[in-house]
Amino acid sequence: MDAKVVELEELDLGHDRELLSTPWLAGPLYQCATAVTGWGFVPHADLEVEVDGSVVAGGPGGFPEPQGARVELPSPLVAGQAVRVRQLWDGLASAWSPTLVVRDHTEDYPAGPPRPQINPAPVWTCGSRTGVGNLLGGADVWITADGAEVGRVNGCSQQQGVNVNSFYALGQRVRAHAELCADPAPPSVEYEVAAGPSPLTTPTFDPVYDGAEQVRIGSIANGARVTVSRGGASLGTYRCWGGALLVGVAPVSAGETFSATQELCTDDPGSPPGTTTVQPCSALPAPGVGPVQAGDASITVTSSVPGAIIRVYRNLAQVGMGTAPVVPLTQALVAGDTVHVTQSLTSCPARLALELTVACVDPPVAGDPSALDLFPVGHLEYADGPVRGSVYYPAVDDGEGQPFHERLAALGRVPIVVMAHGNHSPADPSYLGYDYFQASVAKTGMIAVSVDCNALNGAGGGVGNIEDRADLVIDSIKHFQALDATPGNVFTGRIDFDRLGLMGHSRGGDAVVTIPDVIGSIGVSIRAVLALAPTNFRYWYGIPTITPRGYAFSTILPAADGDVVDNNGAQFYDVSEAAPYTSQVYVHSANHNFFNRTWAFDDGVTPVFARATHERVLDVYGSALFRSMLLGDGSAAYLLGTVKPAGVPTEAIDLAYRVEHANTVDHHDDGNGIGVNSLGLPTSANGGAFADEYPFDQVGGAFNSSFFGLTVGMVLEAEEEGTFRSEVGEVDLSEAQVWLRVAEVGGASVASSGVSFELGLEDVHGTTGWISSASVGGVPRPFERPGQSKTMLSTLRFDPGCIGRRSGLDRRRIAAIHLKFTSERDRAIAFDDLQLVPA
Amino acid sequence: MTSDSGARERRPRPDHRLPRVVSIATRLVRFVPPERRNFASSLPRLERTVEFLVETDGPIPVRALSPVVYVGDVPVAEVAADDDTHYRFTAMEPERLEEGAPVTLGWSGEPASQRTAVGEAFVTPRG
């Protein structure tokens, strides 16, 4: 995102004193909820909640952060009711929020409400308050210690603090419970109360500014009691679920001091006091915001002062006024718009603004496909001679050998994912190394098997070894078919072999790509295959690479892989057929081993991310693949670049992807030369542009040695303004995007600056409109591997709608696509898979 | 108080160096692809092919890649370990083995420049 901080004095912002953004309700809303939670209102505004056209509840909202305003309803919600909210402030009334229609929760959660999560965990001795997350808004939530209820909130928010009485005692077993419409969720993971940190950390303060009415205090132990003083006078003691505490105060003045201490057990020493001094209004910074792209009708605030009013200006005219974390706008944003965002406090006007340009494509960071948590997870070891491994599954409770989740089972059979590790010392139980991912898959309602392939591990190798592994994985699939068909075990009648997914790591990745080609008709349908840092023995030995086809394929490629140094998964991606999609996740600063918990050594050729980050990458992108293909939800968006997952270093991840229903302009594989594209139409290079087709492969004739794929593509070099033109006949792009795989060509070292280009659309009248690569995310920089950076292409999406109307371009009658080099001379850009994709 | 400049921890790393080849011998063998339980192997049945018997002075490291005997640039890749220092490499395309070509040991996919010469030129064994 292209953003900078500017002084408001330099701007001539047009304020709209009548503008008050609409607040919004945390949704979805479910039948039986006894409260709703409003967000985005101005501090101290009054809220009005309307149900089926009548205002039924409301009152002062207080502060929107940290949990929104919980508004109790006079009667529980009923499915089909229409609910909305508005705010009243300073004589103004906002528009009503978008209407939410109340649903029956069993429409979304047919096996019952999701299991609550103690968040943050764990729980400490003398803890006085516990946070509970993963809740359906409006449900009832309670906490038990050793089975006895110790705290409850009826009509909860989606993240709810629950006070505990009496405080936790060492060794108690604590769980959170939730229920909606007399439908109980599975209880949370059980935590044993442990002794808290000693000594307790000194509380920290976020900066406090003149005029603030909230003070955020951090470094708080879970369940601690925090005593806050202002100018030496106590403001009181607050229970906190842990992490940070946001305390409301009367407006503060510069130079005032605050202090805070925390304690768990009263007979233990409390923490030393943390202190802060209120800073002058002039120190108030500009807020931070998330990605902003064309078409956005809201701004996501990523950092702001508690209680600040956020104002948003589009091309200097005010279009929003609200509060974090999301400010709705009165107008949708257009690519190239200049947006300013300010924050102010009641008596502290903004002095600075964040200025940014609206990108054509800059996907939002939203959600986490691995976070879906519906069921407890049971697990088992299985063994039938050499056919062995571990299995995780949705269960009635967590633990070994637990019965299958009955209510889920009653809804029908569940999908299964089978995993295969790679070659490693047979002394290590490699199959146990993906337990975290197995559990993640299982809690969403799928069965996750990890096959013990240790009998095939060692110094041997070759295509035969890959076939051995494929054979053993199929044995395990058959083993579970037998269990499914045999009365009296956990999996009897539970498994849907028509929804089978495969995940393999290293040689296991090679094996899971092999399996669909060899498995034959044994009564399974493979819907998704994930090859994690796979080998490709066939390629090495001159045998044709297997084409992943007939299922969704994804490969994760660790850029710093010190074992599979060629990132052979790129070859599988290049030859794969999209069914319905295929994707490649190229992860900078990741090694080969850290995805498996039993593989200890860091093989990275550069410093790499922590092991936990590797696990997050597999968890997030693997969950996206299997959820989308086996559960049929929308998680593919994370692999197709339309949403970025939270909690993953997405700035270090380059995605490539293709979808089934695309019109390919040029894939360069048809052997018809650079002068003709895959549509059979002419291309040309002019104005000093030089383009040709090269194998993107480790073979003679490649442009240079930085290409590690298995395809043919185009390399464009150009004098400034040089252009490559590819005719498309006459196509309507008013409802389509142009997708293009692109990379800065790597070399022995990474150049100090990146490369850029513009994509042009030329209509039948000869009018051309341009979109810069920078406005769709930019050409990814190569990962700097010692001695050889790689040219790894990733997909950029160009939305023709980003070309302004003033250009006069007729998007319904596009005749040619241009690529105009805008980098300095003597640089090269690699292109492949120029496609027109329905929006 | 003075500041400590710190001491950077050295990461334990896998050692992918190949051991030294003590001896290498060739013989003609018949290759029957392994019988699979669930599908037919894609490896060819060969009435006559070349097997390389490699003795090393230590175990070949266990990793994703596989050790490979190269005859010139032709990989001899199907490898089985008899013990920690004795390995059998079987050629799947014996007709591509060129008389007199240098024999090297390396990892699958590794460029020729990084392979270790074993000091022998290839000679087709007499049957």
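The model shown is predicted, which means the values in this text are computed figures rather than measured ones. (Residues numbered from 1 in each chain as written. Chains lettered and ligands numbered in written order. Predicted model: local features only at pLDDT ≥ 70, side-chain atom pairs only at ≥ 80, totals over all residues.)

(A) Layout of the overall build of chain A. When its secondary structure is counted, chain A shows 8 helices and 52 strands. By the compact-globule yardstick of 28 Å for 839 residues, chain A fits well, its C-alpha radius of gyration being 29 Å. Dimensions along the principal axes, computed over C-alpha positions, put chain A at roughly 80 × 70 × 50 Å. Split into buried and exposed, the 839 residues of chain A put 55% on the buried side. For chain A, restricting intrachain contacts to residue pairs at least 6 apart in sequence, the fraction spanning at least 24 positions comes to 71%. (Helix = DSSP H or I, 4+ residues; strand = E, 2+ residues; numbered from the N terminus. Rg over C-alpha atoms; globule rule 2.2 N^0.38 Å. Buried ≥ 20, exposed ≤ 12 C-beta atoms within 10 Å, placed from the backbone. Contact = placed C-beta atoms within 7 Å.)

(B) Representation of the overall build of chain B within the structure. When helices and strands are tallied, chain B shows 0 helices and 8 strands. Ordered by position in the sequence, the α and β elements of chain B form the string β-β-β-β-β-β-β-β. Against the 2.2 N^0.38 benchmark of 14 Å for 127 residues, chain B shows a C-alpha radius of gyration of 19 Å, more extended than a compact globule. C-alpha atoms of chain B, sized along the principal axes, occupy 80 × 40 × 25 Å. Counting over 127 residues, chain B shows a buried share of 31%. Across chain B, every contact between residues at least 6 apart in sequence was considered, and the portion connecting residues at least 24 apart equals 60%.

(C) Inspection of the pairing of strand β33 (residues 387-394) of chain A at higher detail. Residues and elements named next belong to chain A. In terms of burial, β33 is largely enclosed, as 7 of its 8 residues are buried. Pairing analysis gives 8 bridges linking strand β32 (residues 377-384) to β33, with the strands arranged antiparallel. Bridge assignment links A383 to a residue of β33, and that residue is R388. Here β32 folds back onto β33 in antiparallel fashion, the turn holding 2 residues, of which G385 has a positive phi close to 65 degrees. Pairing analysis gives 4 bridges linking β33 to strand β36 (residues 447-451), with the strands arranged antiparallel. Residue G389 lies in a different strand from β36, and its bridge partner there is V451. (Pairing = 2+ DSSP bridges.)

(D) Examining helix α3 (residues 435-442) of chain A more closely. Among all positions of α3 of chain A, only F437, Q438, S440, V441 and A442 of chain A are buried. Of the surrounding secondary structure, the elements contacted by the buried residues of α3 of chain A are β32, β33, β35 (414-420), β36 and α8 (611-631) of chain A.

(E) Region of interest: the nonpolar core. Counting 275 residues, the largest nonpolar core has L716 and I829 of chain A as its most contacted members. When residues of this core are assigned to their parent elements, the largest contribution, 9 residues, is made by α8 of chain A. (Core = buried A, V, L, I, M, F, W, Y, C linked by C-beta atoms within 7 Å.)

(F) Inspection of the sheet that holds strand β30 (residues 338-344) of chain A at higher detail. Residues and elements named next belong to chain A. Strand order in the open sheet formed by 5 strands is β1-β31-β30-β27-β28, and the pairing between neighbours is antiparallel. With one partner strand each, in any of the chains shown, β1 (3-7) and β28 (317-322) form the two edges of the open sheet. The sheet shows a mean angle of 25 degrees between the axes of neighbouring strands, direction not considered. In the sheet, strand β27 (residues 309-314) pairs with β30 via 6 bridges, with the strands oriented antiparallel. Each bridged residue has a counterpart across the sheet, and for Y313 the counterpart in β30 is H340. (Axes fitted to C-alpha atoms, helices over the stretch in contact; angles between N-to-C directions.)

(G) Highlighting α8 of chain A. Residues and elements named next belong to chain A. For α8, built from 21 residues, the straight-helix expectation of 30 Å at 1.5 Å per residue is met to within 8% by its first-to-last C-alpha distance of 28 Å. Counting buried residues in α8 gives 16 out of 21 residues, a clear majority hidden from the surface. Looking one or two residues beyond α8, the residue adopting positive phi is G632, at roughly 75 degrees. (Expected span 1.5 Å × (residues − 1).)

(H) Layout of the packing of α3 of chain A against α8 of chain A. All names here are of chain A. Interaxial distance between α3 and α8 falls to 10 Å at its minimum, and their mutual angle equals 35 degrees. In the packing of α3 onto α8, the handedness of the crossing is right-handed. Mapping the contact onto sequence places Y436, F437, S440 and V441 in α3 and E615, L618, D619, G622, S623 and F626 in α8. Along the lines of polarity and charge, the residues of the contact of α3 with α8 split into 5 nonpolar, 3 polar and 2 charged. (Left-handed = near helix turned anticlockwise from the far one by under 90°. Nonpolar A, V, L, I, M, F, W, Y, C, P; charged D, E, K, R; others polar.)

(I) Fine view of the environment of S440 of chain A. The topology assignment puts S440 of chain A in helix α3. The sequence separation of S440 of chain A and G622 of chain A amounts to 182 residues, and the corresponding C-alpha distance is 9.6 Å.

(J) Broad picture of the interface of chain A and chain B. Across the contact, 31 residues belong to chain A and 29 residues belong to chain B. The element that contributes the greatest number of residues to the side of chain A that touches chain B is helix α4 (residues 463-485) of chain A, accounting for 6 residues. Considering only residue class, the side of chain A that touches chain B consists of 9 nonpolar, 14 polar and 8 charged.

(K) Structural detail: the pairing of strand β50 (residues 794-798) of chain A. Residue and element names in this part refer to chain A. Most of β50 is tucked away, with 5 of its 5 residues classed as buried. Of the two faces of β50, the one holding S794, L796 and F798 and the one holding T795 and R797 are both buried throughout. In terms of strand pairing, strand β47 (residues 736-744) meets β50 through 5 bridges, oriented antiparallel. Each residue of the ladder has a partner; that of V742, found in β50, is S794.

(L) Spotlight on the confidence of the model for chain B. Residue and element names in this part refer to chain B. Here chain B shows a mean pLDDT of 92. Residues at 70 or above account for 97%. Confidence, read as mean pLDDT per element, is least for strand β8 (residues 116-121) in chain B (85) and greatest for strand β6 (residues 86-90) (97). Predicted complex metrics record ipTM = 0.95 and pTM = 0.95. (pLDDT = per-residue confidence, 0-100.)

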